[in-house]
Amino acid sequence: MLLSAVLLSLSLVFVPVAQETDAYRHSVLLSFYQKSAKNEALADDFHALMEKYQGKDPLKLGYKAVSNAVMAKHTWSPYAKLKYLRTSGQIFEQAVALDKQDPEVRFLRYSIEFFVPRYLNMSGHLQEDKKIFLSAMLRHPKSGMPVESLKIMKDFLLRHPEHLTGEEREQVTNLKL
């Protein structure tokens, strides 16, 4: 009896520690998303981490797709750039197939496709993705999206005026987070 109580106590102590060190927790992935486009070493770390991910969580797959797209930015070879972008697109397709309404996955894909040159024909989801993630943003807090993600989305949209109509800009600007 005493042994089982001790084991139970130890398991309660170690479970939170294991959760804290989860390399794929949302805050870690968000940080990589924000910083890896500007830092090649971080992009390499992000890509290496996400290449190891073999699960089927749509959001984590979305970040895996982003890690490939970011690698395309940092490589000099046109062939490698195209290969990374194609891989990114394939992974985004898997993520969206698993959850067609996940606004964060849709935002991630939008944020990548928006900057892909149009002549590559790899930006076919912009309007559909924007509609889904913008709708979720404007339903905040009822959308259930993490505030950190919403702040990133809001900042992204407001930094690029070509993303929004006048009415959408006003709605996003007035969004209370």
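For the structure, check the block above.
Predicted model, so just to flag it, every value in this text is computed and none were measured. (Residues numbered from 1 in each chain as written. Predicted model: local features only at pLDDT ≥ 70, side-chain atom pairs only at ≥ 80, totals over all residues. Heavy atoms only, no water.)

(A) Highlighting the layout of surface pockets. Roughly 780 Å³ of volume is contained in the largest pocket. In this structure, the largest pocket is lined by 26 residues; those nearest its centre are Ala37, Lys73, Ser111, Ile112 and Phe115. If you list the elements that add at least two residues to the lining of the largest pocket, you get helix H2 (26-35), helix H4 (58-74), helix H5 (78-98), helix H6 (103-113) and helix H8 (147-159). Grouping the amino acids of the lining of the largest pocket by side-chain chemistry returns 17 nonpolar, 3 polar and 6 charged. The volume enclosed by the second largest pocket comes to roughly 170 Å³. For the second largest pocket, the full set of lining residues is Leu85, Arg86, Ser88, Gly89, Phe92, Glu93, Arg109, Ile112, Glu113, Val116, Met122 and His125. Breaking the lining of the second largest pocket down by element, the ones donating at least two residues are H5 and H6. A per-element tally of the lining of the second largest pocket places H5 first, with 6 residues. Of the residues in the lining of the second largest pocket, the class split is 5 nonpolar, 3 polar and 4 charged. (1 Å grid on protein atoms, 1.4 Å probe; cavity = no way out; pocket = protein on both sides within 12 Å on 5 of 7 lines; lining within 4 Å. Points joined across faces, edges and corners; volume = space filled by probe spheres on them. Helix = DSSP H or I, 4+ residues; strand = E, 2+ residues; numbered from the N terminus. Nonpolar A, V, L, I, M, F, W, Y, C, P; charged D, E, K, R; others polar.)

(B) Representation of the environment of Leu158 within the structure. Within the secondary structure, Leu158 is located in helix H8. On the basis of relative accessibility, which here comes to 28%, the residue Leu158 falls in the partly exposed class. The residues contacting Leu158, other than those within four sequence positions of it, are Leu164, Arg169, Val172 and Thr173. (Buried < 20%, exposed > 50% of the residue type's maximum accessible area, 1.4 Å probe, protein only. Contact = heavy atoms within 4.5 Å.)

(C) Quick look at the nonpolar core. Among the nonpolar cores identified, the biggest contains 46 residues, and Met50, Tyr63, Val66, Phe107, Leu108, Met137 and Leu157 are the most heavily contacted of them. Every element with two or more residues in this core is listed here: H2, helix H3 (40-52), H4, H5, H6, helix H7 (126-138) and H8. With 9 residues, the single largest contributor to this core is H4. Setting aside anything within four residues of it in sequence, one finds Met50 in contact with Tyr24, Leu29, Lys60, Tyr63, Lys64 and Ser67. (Core = buried A, V, L, I, M, F, W, Y, C linked by side-chain atoms within 4.5 Å.)

(D) Up close: the packing of aromatic side chains. Tallying each qualifying case throughout the model produces 10 aromatic pairs. Consider the rings of Phe32 and Phe46, whose centres lie 5.0 Å apart with planes at 10°: the pair is stacked. With Phe32 in helix H2 and Phe46 in helix H3, this pair connects stretches of sequence that are 14 residues apart. Of the two residues examined, Phe32 and Phe46, each falls in the buried class. Taking 5.2 Å as the distance between ring centres and 80° as the angle between the ring planes, the aromatic pair formed by Phe107 and Phe133 counts as edge-to-face. Of this pair, Phe107 sits in helix H6 while Phe133 sits in helix H7; the two residues are 26 residues apart in sequence, bridging distant segments of the chain. With respect to class, Phe107 is no different from Phe133; both count as buried. Connected via pairs of aromatic rings, a cluster forms that spans Tyr33, Tyr63, Phe107, Tyr110, Phe114, Phe115, Phe133 and Phe156. Stacked on the ring of Phe114, the Lys or Arg Arg118 has its end atom at 5.4 Å from the ring centre. (Phe/Tyr/Trp six-rings, centres within 6.5 Å; stacked < 30°, edge-to-face > 60°. Lys NZ or Arg CZ within 6 Å of the ring centre and 35° of its normal.)

(E) The arrangement of the pattern of salt bridges in detail. Evaluated as defined, the whole model comprises 6 salt bridges. Measuring nitrogen to oxygen at the nearest pair gives 3.3 Å for the salt bridge that ties Arg109 to Glu93. Residue Arg109 is located in helix H6, and its partner Glu93 is located in helix H5; the two are separated by 16 residues in the primary sequence. Put simply, Arg106 and Glu128 hold a salt bridge, and the shortest N to O gap is 2.9 Å. Placement of Arg106 in helix H6 and of Glu128 in helix H7 is noted, with a sequence separation of 22 residues between them. (Salt bridge = Lys/Arg side-chain N within 4 Å of Asp/Glu carboxyl O.)

(F) Representation of the side chain of Thr75 in the model. By the secondary structure assignment, Thr75 is in the loop between H4 and H5. Under the relative-accessibility criterion, Thr75 is labelled buried at 19%.

Everything listed here is a matter of geometry and, on its own, says nothing about what the molecule does.
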